[in-house]
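Structure assessment
Residue strings, one per chain:
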Amino acid sequence: MSGNTKPNLSESQVTELVKRLYGLTSSQIRPLPSYEDQNFYLAPVEGGEYILKVMNSEDSKNTDMLEVQTYAMTFLHQRGLPAQTALPTTTGQLMSLEEIDCGFGSQKYLVRLLTYLPGETISKVPGSPQLLYEVGKMAARMDTVLQEMHHPRLSVLQRENFKWSLSNVSLLDPYVVLMDGEPVQEVVKDVLHQYKTCVVPRCSAFRKGINHGDFNDLNVLVQPSGTDGHRISGILDFGDMNSGCYVYELAIAIMYMMIEHPQPVEVGGALLAGWESILPLNAEEKDALYLLVLARFCQSLVLACHAVTLYPENQEYLMTTAKSGLRILRQLWERGKEEVESEWFQSAA
């Protein structure tokens, strides 16, 4: 993906776009962080709160994928899960492909206006065992609901060369060189080797499902509940949805919930208990979980290094996970599979 695929709309362009497509007059516009797209918080004078999502020009070409993602959000929302829904344009479309000049020539960007979900990201609140249990339970519940979903274009979720899928960890190989000089590079190489020799042969035993694919600490919103607890109030960003395996979703959630936690290894047990209250793991899935969590750390680190070469101006956001991830990956690797798994599964029991 080239460096000029990320949209860079000005506030005046957003104001015009929202008025023309949705008939809304912006009274407040605030940019929000995004990996490859552009997001804005929007409060129109007509009332309500929304998120305007402008997709990068590369992903905007895949309208079938975005249609399925948008449908999945509505499907989950209708079944009681806190997902956003898309508002139709004045002509009744849930998505609009717009030709816009962001300063490097006109390109086509797919635009959606999504409902605003209240709360703050789970990264900003203490990760209590109860909250981590709820994260695991919500992730498993989400995957079981997604498995019931039918759509004529569902096959687009078979993303064979999708670098963020835990089915495709070997696609990291060409990018590991970007970590030259980093002490953790040898750990990454060792994890990738272990993945190929210990996880890949077991993949056929993993139960297949549709994954959100990015159930991370910035994509889960929470609100205060009770005296000192929190409840999950939002699931964001379905851009990494893909056909994967249930255990991949669990591994991704565990990995990201470790990032801000003062005792990262302890995260696994509570989250695993919540997950297994809905979807108990089989023996092969249990045996692969540790390496899948480590493989996700490697994906995050290596692909963040790659993304910085494309978007150097976005380095701080892109490397958010990497800062803590380096330390936690090393800690998990040094403690070893047997010790970490023992802690996770004993505390989940």
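Residues numbered from 1 in each chain as written. Predicted model: local features only at pLDDT ≥ 70, side-chain atom pairs only at ≥ 80, totals over all residues. Heavy atoms only, no water.

Quick look at the nonpolar core
- Among the nonpolar cores identified, the biggest contains 101 residues, and Leu289, Leu329, Leu332 and Trp344 are the most heavily contacted of them.
- Those residues within four positions of Leu332 in sequence are excluded, and the remaining contacts are Met258, Val265, Tyr290, Val293, Leu294, Phe297 and Val340. (Core = buried A, V, L, I, M, F, W, Y, C linked by side-chain atoms within 4.5 Å. Buried < 20%, exposed > 50% of the residue type's maximum accessible area, 1.4 Å probe, protein only. Contact = heavy atoms within 4.5 Å.)

Let's talk about the packing of aromatic side chains
- All chains considered together, the criterion is met by 3 aromatic pairs.
- Geometrically, the ring pair formed by Tyr41 and Tyr116 is edge-to-face, given 5.3 Å between the ring centres and 75° between the ring planes. Taken together, the residues Tyr41 in strand β2 (residues 38-44) and Tyr116 in the loop between β6 (106-115) and β7 (120-121) connect sequence positions 75 residues apart.
- Classification of Tyr41 by relative accessible area gives buried; the value is 6%.
- For Tyr116, a relative accessible area of 28% translates into the label partly exposed. (Phe/Tyr/Trp six-rings, centres within 6.5 Å; stacked < 30°, edge-to-face > 60°. Helix = DSSP H or I, 4+ residues; strand = E, 2+ residues; numbered from the N terminus.)

Some remarks on the layout of surface pockets
- Computed from the structure, the second largest pocket encloses a volume of approximately 300 Å³.
- Lining the second largest pocket are 19 residues, with Gln158, Lys208, Gly209, Ser243 and Gly244 sitting closest to its centre.
- Mapped onto the lining of the second largest pocket, the elements with two or more residues apiece are β8 (208-211) and β11 (242-245).
- The element best represented in the lining of the second largest pocket is β11, accounting for 4 residues.
- Per-class residue counts for the lining of the second largest pocket are 6 nonpolar, 10 polar and 3 charged. (1 Å grid on protein atoms, 1.4 Å probe; cavity = no way out; pocket = protein on both sides within 12 Å on 5 of 7 lines; lining within 4 Å. Points joined across faces, edges and corners; volume = space filled by probe spheres on them. Nonpolar A, V, L, I, M, F, W, Y, C, P; charged D, E, K, R; others polar.)

Describing empty space enclosed by the protein
- Summed over the entire model, instances satisfying the criterion amount to 1 cavity of 30 Å³ or more.
- Each pocket or cavity is described by its volume, and for the largest cavity that value is around 30 Å³.
- Taken together, Trp164, Ser165, Leu166, Asn211, Gly213, Asn242, Tyr248 and Ile252 form the lining of the largest cavity.
- Tallied by class, the residues present in the lining of the largest cavity amount to 4 nonpolar, 4 polar and no charged.

Without other data, these values stay purely geometric and don't point to any function.
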